Amino acid sequence: MAAPIYLQRKSRRGPTFRETLLMHAVARIAYHGWVRNIQVSWVKVGPDGARQVLAAGANDLGGTLMDENISRAAGASHGQRMDELSFRDIVEPLGRPLEQRTTLYGRVEAVA
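**Topic: the side chain of Thr20**
At step 1: Counting through the fold element by element, Thr20 comes out in helix H2 (residues 17-30).
At step 2: For Thr20, a relative accessible area of 16% puts it in the buried group.
At step 3: With residues up to four places along the chain from it excluded, the contact list for Thr20 reads Pro15 and Val45.

**Comments concerning the nonpolar core**
At step 1: The biggest cluster of nonpolar side chains holds 15 residues, and the ones touching the most others in it are Val40, Trp42, Ala50, Leu54, Ala58, Leu61 and Ile90.
At step 2: The set of elements that each furnish at least two residues to this core consists of helix H3 (42-55) and helix H5 (84-91).
At step 3: No other element matches H3, which puts six residues into this core.
At step 4: Aside from chain neighbours lying at most four places away, what touches Leu54 is Val40, Asn59, Asp60, Ile90, Val91, Leu94 and Arg96.

**Side note on H5**
At step 1: Buried residues of H5: Phe87, Ile90 and Val91, and no others. Angular distribution of buried residues about the axis of H5 spans 85 degrees; they occupy a single face of the element.
At step 2: The elements touched by buried residues of H5 are H3 and strand E2 (60-61).

**Here's the deal with the pattern of salt bridges**
At step 1: Under the criterion given, the structure shown has six salt bridges.
At step 2: In this structure, Arg101 and Asp60 form a salt bridge, with 2.6 Å as the shortest nitrogen-oxygen distance. With Arg101 in the segment after H5 and Asp60 in strand E2, this pair connects stretches of sequence that are 41 residues apart.
At step 3: Under the relative-accessibility criterion, Arg101 is labelled partly exposed at 28%.
At step 4: In this structure Asp60 comes out as buried when scored by relative accessible area, which is 4%.
At step 5: Put simply, Arg107 and Glu99 hold a salt bridge, and the shortest N to O gap is 3.2 Å.
At step 6: Residue classification places Arg107 among the exposed positions, given a relative accessible area of 66%.
At step 7: Residue class for Glu99 comes out partly exposed when judged on its relative accessible area of 36%.
At step 8: Via salt bridges that share partners, Glu84, Arg88 and Glu92 belong to a single interconnected network.

Rules of the game
Residues numbered from 1 in each chain as written. Predicted model: local features only at pLDDT ≥ 70, side-chain atom pairs only at ≥ 80, totals over all residues. Heavy atoms only, no water. Helix = DSSP H or I, 4+ residues; strand = E, 2+ residues; numbered from the N terminus. Buried < 20%, exposed > 50% of the residue type's maximum accessible area, 1.4 Å probe, protein only. Contact = heavy atoms within 4.5 Å. Core = buried A, V, L, I, M, F, W, Y, C linked by side-chain atoms within 4.5 Å. Arc of directions from axis to C-beta. Salt bridge = Lys/Arg side-chain N within 4 Å of Asp/Glu carboxyl O.

Encoded structure:
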């Protein structure tokens, strides 16, 4: 809502949740074979929204952001930090594993 184009009344507030859900679902189909991971941002859609988008085709849950201000300046109302248990609460009801990865999608070994 603080974006200049919105303040100039040249754009609407942003996508509806339905549009966000459809874009992720279509991306899974359209980019099959080219893009392996379709990520949902829990900061933009919230934990419940993220769970729905994961069920609709996304296979990657965005991580924790520190001092994130772009999404919040654009009107996102969800938090910046989430603990491991909260991430598990999103993915486990879907039967999905929670896995930490590097920025290049390499596996991060669990610390015992």
